[in-house]
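Topology and contacts: notes
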Amino acid sequence: MSTDTPASAPSASAADRYLAVQRSDEFAGLRRALRGFVFPMTVAFFLWYALYVILSAYARDFMGTKLFGSNINVALVFGLLQFVSTFVIAWLYARYADRKIDPVADRIRAEIGEVKHEHGPRG
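Residues numbered from 1 in each chain as written. Predicted model: local features only at pLDDT ≥ 70, side-chain atom pairs only at ≥ 80, totals over all residues. Heavy atoms only, no water.

**Overview of the nonpolar core**
- By size, the foremost hydrophobic cluster in this structure holds eleven residues: Val21, Leu30, Ala33, Phe37, Tyr96, Ala97, Ile101, Val104, Ala105, Ile108 and Ile112.
- The biggest single contributor to this core is helix α4 (residues 74-118), with seven residues.
- Look past the residues within four positions of Ile108 in its chain and what remains in contact with it is Val21, Glu26, Phe27 and Leu30.
- With five residues, the next largest nonpolar core counts Leu55, Met63, Ala75 and Phe78 among its residues. (Core = buried A, V, L, I, M, F, W, Y, C linked by side-chain atoms within 4.5 Å. Buried < 20%, exposed > 50% of the residue type's maximum accessible area, 1.4 Å probe, protein only. Helix = DSSP H or I, 4+ residues; strand = E, 2+ residues; numbered from the N terminus. Contact = heavy atoms within 4.5 Å.)

**Things to note about the packing of aromatic side chains**
- Taken as a whole and assessed by the stated rule, the structure comprises four aromatic pairs.
- Relative to Phe78, the ring of Phe62 lies with its centre 6.4 Å away and its plane at 80°, an arrangement referred to as edge-to-face. Highlighted residues: Phe62 in helix α3 (residues 60-63) and Phe78 in helix α4, separated in sequence by 16 residues.
- Feature note: the residues Phe37, Tyr93 and Tyr96 constitute an aromatic cluster, connected by ring pairs. (Phe/Tyr/Trp six-rings, centres within 6.5 Å; stacked < 30°, edge-to-face > 60°.)

**Overview of a nonpolar patch on the surface**
- Residues Leu76, Leu80, Phe83 and Phe87 make up a contiguous nonpolar surface patch of about 450 Å² in total accessible area.
- On the secondary structure map, Leu76 appears in helix α4. (Patch = residues over 30% accessible without salt bridge, like charges linked within 9 Å, V, L, I, M, F, W, Y side chains within 5 Å. Areas by Shrake-Rupley, 256 points an atom, 1.4 Å probe, with all protein chains shown as cover. Salt bridge = Lys/Arg side-chain N within 4 Å of Asp/Glu carboxyl O.)

**Side note on helix α2 (residues 25-58)**
- Relative to the 50 Å expected for 34 residues at 1.5 Å per residue, α2 spans 48 Å between its end C-alpha atoms, a close match to the ideal helical length.
- For α2, the set of buried residues is Leu30, Ala33, Phe37, Ala50 and Leu55. (Expected span 1.5 Å × (residues − 1).)

This is the structure:
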């Protein structure tokens, strides 16, 4: 009879470690932090976009109001602001992730990385 551990033991140990990390308060906080930014920002952007579409469909006179010269109207400005708001949200998320999400994710990744190195690299 052999005393060698079965080949599946390291992966079972790694799987247990991943489950432990997933159940940890730190991981729950990471998920909360991500959702705390993503969900409200998604709702805000969707409402902003819906406003643009609804105004374009039902407030044509308002959207056709000329602002500058003969070609720049409210609809064009709102349309361009859709792009601006997309870039602003991406920039805000990058800043938020740098401060709130990435440090925690790096700590969790380091913990899991210790498990990987303990049993050799996997690819």
